[in-house]
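# Residue-level structural notes
The lines below spell out each chain.
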Amino acid sequence: MRYRTRMARTQLRYDGRVVLFMPQYDPPELQRRTLEQWRMIVPEFEVVDVPGKHLTVVNGESAESVGRWLSAELAGWQRSQDDTPNSPR
């Protein structure tokens, strides 16, 4: 069964925050299809462009960019927790 057919059948929806790390060097058609597939299950999501191709996002040239982005997000989240009254420390 094709991926698109499986996704359409499951009718999954997710309303939380989703960040898609989009490889900059993937062909435009692959990027378009990737966005289309994500839109089937997630109403809104952020796209962060990273260097590399699909297979290098978590292991390769993109991994450093993804790590920097995640570190900044976690640091921002931690600051917001520290600024919240009565937050557990």
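Rules of the game
- Residues numbered from 1 in each chain as written.
- Predicted model: local features only at pLDDT ≥ 70, side-chain atom pairs only at ≥ 80, totals over all residues.
- Heavy atoms only, no water.
- pLDDT = per-residue confidence, 0-100.
- Helix = DSSP H or I, 4+ residues; strand = E, 2+ residues; numbered from the N terminus.
- Core = buried A, V, L, I, M, F, W, Y, C linked by side-chain atoms within 4.5 Å.
- Buried < 20%, exposed > 50% of the residue type's maximum accessible area, 1.4 Å probe, protein only.
- 1 Å grid on protein atoms, 1.4 Å probe; cavity = no way out; pocket = protein on both sides within 12 Å on 5 of 7 lines; lining within 4 Å.
- Points joined across faces, edges and corners; volume = space filled by probe spheres on them.
- Nonpolar A, V, L, I, M, F, W, Y, C, P; charged D, E, K, R; others polar.
- Salt bridge = Lys/Arg side-chain N within 4 Å of Asp/Glu carboxyl O.

### What about the confidence of the model for the protein?
The predicted model of the protein has a mean per-residue pLDDT of 85, with 83% of residues at 70 or higher. Across the protein, the element-wise mean pLDDT spans from 63 in helix 1 (residues 3–10) up to 95 in strand 2 (residues 46–50).

### Some words on the nonpolar core
V18, L20, M22, L35, I41, V42 and F45 together form the largest nonpolar core, which totals 7 residues. Within the second largest apolar cluster, 5 residues are counted, among which are F21, V48, V57 and V66.

### Thoughts on the layout of surface pockets
In this structure, the largest pocket encloses a volume near 230 Å³. Every residue lining the largest pocket is counted, 13 residues in all, and those nearest its centre are F21, P23, T34, H54 and V57. At the level of elements, strand 1 (19–23) and helix 2 (28–39) are the ones that each hand at least two residues to the lining of the largest pocket. Of the residues forming the lining of the largest pocket, the biggest block, 4 residues, is contributed by strand 1. Taken together, the residues of the lining of the largest pocket sort by class into 8 nonpolar, 4 polar and 1 charged.

### Comments concerning the pattern of salt bridges
Within the structure shown, the criterion is met by 6 salt bridges. R17 is paired through a salt bridge with E46; the nearest N and O atoms lie 2.6 Å apart. Here R17, found in the loop between helix 1 and strand 1, pairs with E46, found in strand 2; they are 29 residues apart in sequence, far enough to count as distant. Accessibility expressed as a relative area gives 33% for E46, which makes it partly exposed.

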